[in-house]
Amino acid sequence: MKNLIARKGHTLFLLLILPLFTLAQGNQLRERRFITINGIEQWITITGDKTKPAILFMHGGPGSTMSPYADNVYKEWEKDFVLIHWDQRGAGKTYGLTAPDELSPAYLKANPLTVDQIVDDGIKVAEYMVKYLGKQKLTLFGTSWGSIPAVEMAVKRPDLFNGYVGHSQVVEPLANLIADYTKISALVKKANDQQSADVLNAIEKPPYASARDAGKLFKIIKKYERMASTPSPDAWWKLAPEYDNAKDNQNREDGDDYSFVNYVGDSKLGVKPMMATINFAKDHWQFKIPVYLVQGEEDILTPAEITKPYFAKIKAPAKQFILVPKAAHGFNEVVLDAQLKAIKQVNGIK
């Protein structure tokens with residue numbers, strides 16, 4: 001698959017099978033295991049104080065699981081919450097459990113990934129966790145790609161959640177891409193960045209028939225977002241030792257490719273784009289639970305120019321738009337603080 005698409009320009013994660021691990025000390029849970037969801041084994045980790053509210057995290061990417069990094073990024077949250085990280089279908093250990101020896105065009109065509117699959121899986125995971133933890137509801141958190149299935153889950157099954165916190169909210173992916181191209185082209189021109197300008201001129205404006213072209217655009221966007229935002233600590237993205245080995249590394253790369261090609265589509269490979277089915281401003285703006293959107297001010301990939309009008313349209317019992325300075329599409333310490341503040345508000349924690 002290495003020649004089929006360009007890398008997206010951000011760290012992506014896919015894991016090999018680990019030994020199942022369950023540990024409880026007093027009220028502290030620490031579980032890593034597979035559960036059966038819609039006929040396949042899917043990987044979850046559960047950590048934190050079992051007497052406290054529970055958060056279901058919907059990771060980004062698609063394909064960028066947080067489970068190998070959760071201790072580095074979210075460890076401090078465990079005193080106030082139960083943290084549930086789930087490797088979605090097509091990502092992380094869930095993908096790696098049945099990954100082919102080689103991610104080929106034939107495999108991609110024969111194994112399509114859809115938004116509806118992920119949404120249905122997510123609802124089943126939430127149902128399982130509510131029952132397993134003995135909670136009335138969970139707090140739902142979605143970042144980037146993960147904000148897509150999260151919104152659909154929140155709208156379809158508000159009985160499972162006490163609130164939704166979205167970070168780098170996706171609204172309409174094609175509109176996002178068109179806005180991305182226009183904005184990044186202006187930044188590239190201003191910087192006199194001829195190398196990036198040549199790439200943009202070659203791929204032209206979206207939509208793209210090739211996942212490789214979409215990947216090239218994403219890579220330039222990430223470059224300029226890094227220049228405009230405060231970076232996250234390097235220690236956050238150090239793989240936990242049990243996830244860091246040759247086979248896991250290969251599975252991470254293949255899972256990223258598999259999920260990304262399914263997201264943006266590729267006509268030559270015969271893969272339909274998941275993103276083509278999504279327009280939340282049209283049909284997903286009425287919520288029965290509180291909605292908080294955390295937005296990086298320097299986010300090019302899911303810009304405020306698109307997120308803000310969607311937020312203005314949202315009808316919910318309570319809502320808040322949180323604009324974070326010196327932050328782009330990804331995480332940094334200020335973004336994490338904003339996420340935690342919103343989640344505490346959902347749960348009435350001061």
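Everything quoted here is computed from the prediction, not taken from an experiment.

If you tally the helices and strands in the chain, you get 12 helices and 9 strands. Radius of gyration (C-alpha) of the chain: 19 Å, near the 20 Å computed for a compact globule of 350 residues. Overall, the chain is about 60 × 45 × 35 Å in size when its C-alpha atoms are taken along their principal axes. By the burial criterion, 57% of the 350 residues in the chain qualify as buried. Accessible surface computed for the chain: about 14900 Å², of which carbon and sulfur atoms make up 53%. Measuring between centres, the 44 positive side-chain charges of the chain sit 4 Å from its 39 negative side-chain charges.

Nonpolar side chains in soluble globular proteins tend to be buried together. Residues L138, L140, Y164, I184 and L217 are the most contacted members of the largest nonpolar core, which totals 75 residues. With 9 residues, the top contributor of residues to this core is helix α4 (residues 115–133). Once residues within four sequence positions are removed from consideration, I184 is found in contact with L200, L217, I220, I221, Y224 and I300. By size, the runner-up hydrophobic cluster in this structure holds 30 residues, among which are F34, L83, I322 and A342.

Evaluation of the coordinates by the stated rule reveals 14 salt bridges. Among the salt bridges present, the one from D49 reaches K52, with a minimum N-O distance of 3.8 Å. By relative accessible area, K52 is classed as partly exposed at 27%. In this structure, D159 engages R157 in a salt bridge whose closest nitrogen and oxygen atoms are separated by 2.8 Å. For D159, a relative accessible area of 39% translates into the label partly exposed.

Right, let's get into the packing of helix α7 (residues 194–203) against helix α8 (residues 211–228). In the contact formed by α7 and α8, the axes pass within 10 Å of each other and the chain directions differ by 150°. One way to sum up the angle between α7 and α8 is to call them roughly antiparallel. Between α7 and α8 lies a crossing of left-handed hand. Of the residues in α8, those in contact with S196, V199, L200 and I203 of α7 are D213, K216, L217, I220, K223 and Y224. Looking at the contact of α7 with α8 residue by residue, the class counts come to 6 nonpolar, 1 polar and 3 charged.

Right, let's talk about the environment of F287 for a bit. With respect to the secondary-structure elements, F287 resides in the loop between α10 (280–283) and β8 (291–296). Residues F287 and E297, 10 residues apart in the sequence, show an inter-C-alpha distance of 25 Å.

So, on to the pairing of strand β4 (residues 54–58). Burial analysis of β4 places 5 of its 5 residues in the buried class, the great majority of the element. In β4, alternate side chains face the same way, and those of A54, L56 and M58 on one face and I55 and F57 on the other are all buried. Examined bridge by bridge, β4 and strand β5 (residues 82–86) share 4 bridges and lie parallel to one another. In the sheet register, F57 faces β5, and the bridge partner there is H85.

Let's shift gears to the confidence of the model for the chain. The predicted model of the chain has a mean per-residue pLDDT of 92, with 93% of residues at 70 or higher. This model gives residues 6–19 a pLDDT under 50, and the stretch forms 67 contacts once residues within four places in sequence are excluded.

This part covers the pairing of β8. Across the 6 residues that make up β8, a large majority, 6, are buried. Residues V291, L293 and Q295 of β8 are buried on one face, and the alternating residues Y292, V294 and G296, pointing to the opposite face, are buried as well. Both strand β7 (residues 161–167) and β8 contribute to a ladder of 4 bridges, which runs parallel. Of the residues in β8, the one forming a bridge with G166 is L293. Two strands pair when backbone bridges link them, and β8 and strand β9 (residues 319–324) are joined in this way by 6 bridges, in the parallel orientation. Opposite Q295, over in β9, you have L323 as the bridge partner.

In a regular helix each residue adds 1.5 Å, so 18 residues correspond to 26 Å; helix α6 (residues 173–190) covers 25 Å between its end C-alpha atoms and thus fits that length. Taken as a whole, α6 has its buried residues at P173, N176, L177, D180, Y181, I184 and V188. Buried residues of α6, seen end-on, are gathered within an arc of 135° and therefore sit on one face of the element. Pointing more than 90 degrees away from the buried face of α6 are the exposed residues K189 and K190. Immediately downstream of α6, the backbone of N192 shows phi near 55°, a positive value.

Within the secondary structure, S232 is located in the loop between α8 and α9 (246–264). Separated by 2.7 Å, the side chains of S232 and W237 make a polar contact. Residues in contact with S232, not counting those within four places in the same chain, are W237, F331 and N332.

Rules used in this analysis
- Residues numbered from 1 in each chain as written.
- Predicted model: local features only at pLDDT ≥ 70, side-chain atom pairs only at ≥ 80, totals over all residues.
- Heavy atoms only, no water.
- Helix = DSSP H or I, 4+ residues; strand = E, 2+ residues; numbered from the N terminus.
- Rg over C-alpha atoms; globule rule 2.2 N^0.38 Å.
- Buried < 20%, exposed > 50% of the residue type's maximum accessible area, 1.4 Å probe, protein only.
- Areas by Shrake-Rupley, 256 points an atom, 1.4 Å probe, with all protein chains shown as cover.
- Lys, Arg positive; Asp, Glu negative; His and termini not counted.
- Charge placed at Lys NZ, Arg CZ, Asp CG, Glu CD.
- Core = buried A, V, L, I, M, F, W, Y, C linked by side-chain atoms within 4.5 Å.
- Contact = heavy atoms within 4.5 Å.
- Salt bridge = Lys/Arg side-chain N within 4 Å of Asp/Glu carboxyl O.
- Axes fitted to C-alpha atoms, helices over the stretch in contact; angles between N-to-C directions.
- Parallel < 35°, antiparallel > 145°, perpendicular 65-115°, else oblique.
- Left-handed = near helix turned anticlockwise from the far one by under 90°.
- Nonpolar A, V, L, I, M, F, W, Y, C, P; charged D, E, K, R; others polar.
- Pairing = 2+ DSSP bridges.
- pLDDT = per-residue confidence, 0-100.
- Expected span 1.5 Å × (residues − 1).
- Arc of directions from axis to C-beta.
- Polar contact = N/O pair within 3.5 Å; in protein donor to acceptor, adjacent residues only side chain to side chain.

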